[in-house]
Amino acid sequence: MRQPAVRLVRLGRLPYNELLALQERWLRRLQAEPGTEALSGTEAGALLLCEPAGPVYTSGLRGGLTPEETARLRALGAEVRTTGRGGLATFHGPGQLLCHPVLDLRRLGLRLRTHVAALEDCAVRLCEFQNLRGARGRPPPYTGVWLGERKICAIGVRCGRHITSHGLALNCSTDLVWFDHIVPCGLVGTGVTSLSEELQRHVTVDEVIPPFLDAFKETYKCTLISENSSN
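Because the structure is a prediction, the values reported are computed rather than measured.

Focus on the sheet that holds strand 5 (residues 90-92)
So, step 1. Across the sheet, three strands lie side by side as 4-3-5; this open sheet has mixed pairing. Pairing within the sheet leaves two strands with one partner each, and these edge strands are strand 4 (79-82) and strand 5. Across the sheet, the axes of successive neighbouring strands diverge by a mean angle of 30 degrees, strand direction being ignored.
So, step 2. Pairing between strand 3 (residues 56-59) and strand 5: three bridges, direction antiparallel. When the bridges of strand 5 are listed, V56 appears paired with H92.

Here you go:
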């Protein structure tokens, strides 16, 4: 049986608001027609990859930031945005891989829960590729990928009419000090880490993209088709 295809859109370093705008264009594209006929052939959607160009704090559908906290974070020089993903407050910034799959889950034979588990599995496989064997996903409210009590990958998704958006944020060489100004994902008593912190060497976003894409193709049982980032 022919595997479904996913458009790979590599965006490089990009302001977060531009990622959201491109995600919205893909959402409209997939929602343009009812059923599973919005895309040609066996296409299932797009995989948007980028590294945030600057520091951004985001809150999810459950909130996570008061007006006073928002003002304090903006005073640090960061953007603050409310998004439609699940979860509470987190941080995005340089040195982080952002992966936003905009997918029609029906084309992939997935449900929302298995989609989230697949995202976790991609991050776990990437950690294992880097010889970090202790990485594991955890159930809600600890959704994401952890090394002990330190979260290395946050996951927050949105799904409507079987179409997903948002996704995961994997810390590669992220400045972890930015997380000190919030309670990440509302989880008191836990920490954050990065590939660079764990491996004691500088790990770039560009370095991890190839093994991440291999993990994505294996986990989602799809092929990836490169697409110009302007689409």
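That was the structure; now back to the text.
Concerning the UniProt feature "site: Lowers pKa of active site Cys" (unreviewed entry) in the chain
So, step 1. Under the UniProt annotation, "site: Lowers pKa of active site Cys" (unreviewed entry) lies at K151.
So, step 2. Inspection of the secondary structure puts K151 in strand 9 (residues 150-160).
So, step 3. Assessed through its relative accessible area of 7%, K151 is described here as buried.

Focus: helix 6 (residues 205-220)
So, step 1. The end-to-end C-alpha distance of helix 6 is 21 Å, a good match for the 22 Å that 16 residues give at a rise of 1.5 Å each.
So, step 2. Where helix 6 bends most, at P211, the angle is about 30 degrees.
So, step 3. Within the span of helix 6, buried status applies to V205, V208, I209, P211, F212, L213, A215, F216, T219 and Y220.
So, step 4. Two residues or fewer after helix 6 comes K221, characterised by a positive phi angle close to 50 degrees.

Rules used in this analysis
Residues numbered from 1 in each chain as written. Predicted model: local features only at pLDDT ≥ 70, side-chain atom pairs only at ≥ 80, totals over all residues. Heavy atoms only, no water. Pairing = 2+ DSSP bridges. Helix = DSSP H or I, 4+ residues; strand = E, 2+ residues; numbered from the N terminus. Axes fitted to C-alpha atoms, helices over the stretch in contact; angles between N-to-C directions. UniProt positions renumbered as here; feature names shortened; annotations may be inferred. Buried < 20%, exposed > 50% of the residue type's maximum accessible area, 1.4 Å probe, protein only. Expected span 1.5 Å × (residues − 1). Bend = angle between axes of the 7 residues up to and from the residue.

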